[in-house]
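Summary of the model geometry
Okay, here's what each chain looks like letter by letter:
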2 protein chains.
Amino acid sequence: MTQSRSFTPSSTVPANQMAATGPGDRTGCPWHTVKAKLREVGLRPTRQRMALGWILFAKGDRHVTAEMLYEEANHAKVPVSLATVYNTLHQFTEVGLLRQVAVDGSKAYFDTNNSEHHHFFIEDQNDLMDIPSSDVVVGTAPMPPEGYEIARIDVVVRLRRKR
Amino acid sequence: MTQSRSFTPSSTVPANQMAATGPGDRTGCPWHTVKAKLREVGLRPTRQRMALGWILFAKGDRHVTAEMLYEEANHAKVPVSLATVYNTLHQFTEVGLLRQVAVDGSKAYFDTNNSEHHHFFIEDQNDLMDIPSSDVVVGTAPMPPEGYEIARIDVVVRLRRKR
DNA sequence: TTACGTGCAAATAATTTGCAGTCCC
DNA sequence: GGGACTGCAAATTATTTGCACGTAA
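The structure displayed is predicted, hence computed values, not measured ones.

A few words now on the confidence of the model for chain A. For chain A, per-residue confidence averages 80 on the pLDDT scale, and residues scoring 70 or more make up 82% of the total. Mean pLDDT across the elements of chain A ranges from a minimum in helix α1 (residues 31–41) of chain A, with 88, to a maximum in helix α4 (residues 82–94) of chain A, with 95.

Given below as structure tokens:
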């Protein structure tokens, strides 16, 4: 039932994300940008956090599971343990570098884009992708019950293959 | 766990013996309505499916996890195994009697209301509730990528306690 | 040096599955 | 009676945790 097939690495990297890094940005390899990011949020820039941060943030918007990131890191000759991947993902999420997306699979997806936007979820392939922010309009925010305020609104548009 | 709703078993009515009732539309104990529902979708109305269906549908819109339903059933003197609860929830979902809602916890929630509507999710309490269908407007449905069509749009409004 | 990080493996938590026995039609 | 259904316990899957060791500041 849970088909964990391999992913085609999504080649669609919107270049609009590559702007606005720190001063002295190096070409396509923002190693010390990652370091700066980590310092900024108070996380010590260790080897594995740097590596994971590099994988996550160097390529624009990404949607990863712990498993995916783990394999990618080890592929890239950066041995990290799965436990560390989980820890790091959660730490990054806590400080706002990542955002956890709830799709209905039992796995947790993490999104490197923490700005206001929503998602397509392709059910057959367990694949997540951003919806251009211009494309969905949440017309009226609903009124929350007494004593509560809205923390976030998540929209997931589930897709199936057309036939 | 957070669901402190008390179950109202109609202790005055020995329900398991009043199968052949007339068309008296009695609120609160639609025993043969459940049976009809099950027959309609091609599921054999067994004792446990009837009981679970009764718990789920007799009280209007509900949001349950497998665990919650399991405890509720056993509380109501209807012993079912947890495995059967899972099986039943999935069978009900497959035939459209239920709908699975993806909130970000690791648990799966099932909603007895399978019509178009969205949800509030109270993060502190892990509590789900319907949003009145008039309250959220998904303005424009986004255009799906080539070859895909929209299966469903899920909106979850996350709430936190105001302070 | 020293507190914070990391790796490993074992522990949980949620859910699924295999199979022998049970019950509806 | 026969095949669909159920219960139990063991198996899977995703994630977390405890603890000895490593490493950035």
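A few words now on the relation of the copies chain B and chain A. Rotating chain B by 180° and moving it 0.0 Å along the rotation axis overlays it on chain A with an RMSD of 0.1 Å. In short, the pair behaves as if placed about a two-fold rotation axis.

With that out of the way, let us pick up the sheet that holds strand β1 (residues 63–64) of chain A. In spatial order, the strands read β1-β3-β2 (chain A); together these 3 strands make up an open sheet with antiparallel pairing. Strand pairing shows two members of the sheet lacking a second neighbour, β1 and β2 (99–101) of chain A, which therefore form its edges.

All right, on to the pairing of strand β5 (residues 127–131) of chain B then. All names here are of chain B. Where strand β4 (residues 118–122) meets β5, 5 bridges bridge the pair, whose relative direction is antiparallel. The residue of β5 that forms the bridge with F121 is L128. Counted along the chain from β4 to the antiparallel partner β5, the turn is 4 residues long, and its residue N126 has a positive phi close to 50°.

So, on to the interface of chain B and chain A. Taken residue by residue, the interface counts 37 residues in chain B and 37 residues in chain A. Note on chain B versus chain A: buried area summed over both sides is about 3,300 Å², and carbon and sulfur give 57% of it. Its salt-bridge partner being D154 of chain A, residue R158 of chain B comes within 2.9 Å of it at the nearest N-O pair. Taken together, chain B and chain A are joined by 14 residue pairs in polar contact (both at pLDDT 80 or more). For the side of chain B that touches chain A, the secondary structure elements donating two or more residues are β4, β5 and β6 (148–161) of chain B. Sort the elements by how many residues they give to the side of chain B that touches chain A and β6 of chain B lands first, with 14 residues.

Turning to the packing of helix α3 (residues 66–75) of chain A against α4 of chain A, a few remarks are in order. Residue and element names in this part refer to chain A. At a minimum axis distance of 9 Å, the contact between α3 and α4 shows a crossing angle of 120°. By the angle between their axes, α3 is oblique relative to α4. Here the hand of the crossing between α3 and α4 comes out right-handed. Across from A66, E67, L69 and Y70 in α3, the residues of α4 making contact are L82, V85, Y86 and L89. Of the residues that constitute the contact of α3 with α4, the class distribution is 7 nonpolar, no polar and 1 charged.

Procedures and definitions
Residue positions are given per chain, counted from 1 along the sequence in the order it is written. For this description, chains carry letters from A and ligands carry numbers from 1, given in the order in which they are written. Residues qualify for local features only when their pLDDT is at least 70, as the model is predicted, and side-chain atom pairs are given and counted only at 80 or more; totals for whole chains, interfaces and linings, by contrast, use all residues. Only hydrogens and water are set aside; all other atoms, that is, all heavy atoms of the structure, feed into the side-chain values. The pLDDT value expresses, per residue, how confident the predictor is, ranging between 0 and 100. Helix numbers and strand numbers start at the N terminus; a helix is a DSSP run of H or I with at least 4 residues, a strand a run of E with at least 2. Copies are brought into register by a least-squares superposition over C-alpha atoms of residues with pLDDT of at least 70 in both. Strands are treated as partners if at least two bridges between them are detected by DSSP. Here, residues are in contact when the closest pair of their heavy atoms is within 4.5 Å. Summed over both partners, the accessible area lost on bringing two parts together, with a 1.4 Å probe, is the buried area. Salt-bridge detection follows one rule: a side-chain nitrogen of Lys or Arg within 4 Å of a carboxyl oxygen of Asp or Glu. Throughout this description, a polar contact denotes any pair of N or O atoms lying within 3.5 Å of each other; where both atoms belong to protein, one of them has to be capable of donating a hydrogen while the other can accept it, and for residues adjacent in sequence the pair is counted only when both atoms sit in side chains. Here an angle of 0 to 180 degrees is reported between the N-to-C directions of two axes, which are lines fitted to C-alpha atoms, with helices fitted over the stretch in contact. For classification, angles of less than 35 degrees are called roughly parallel, those exceeding 145 degrees roughly antiparallel, those between 65 and 115 degrees roughly perpendicular, and all remaining angles oblique. Crossing handedness follows the turn of the near helix against the far one: under a right angle anticlockwise gives a left-handed crossing, and clockwise gives a right-handed one. Residue polarity is assigned by list, with Asp, Glu, Lys and Arg as charged and Ala, Val, Leu, Ile, Met, Phe, Trp, Tyr, Cys and Pro as nonpolar; anything else, Gly included, falls into the polar class.

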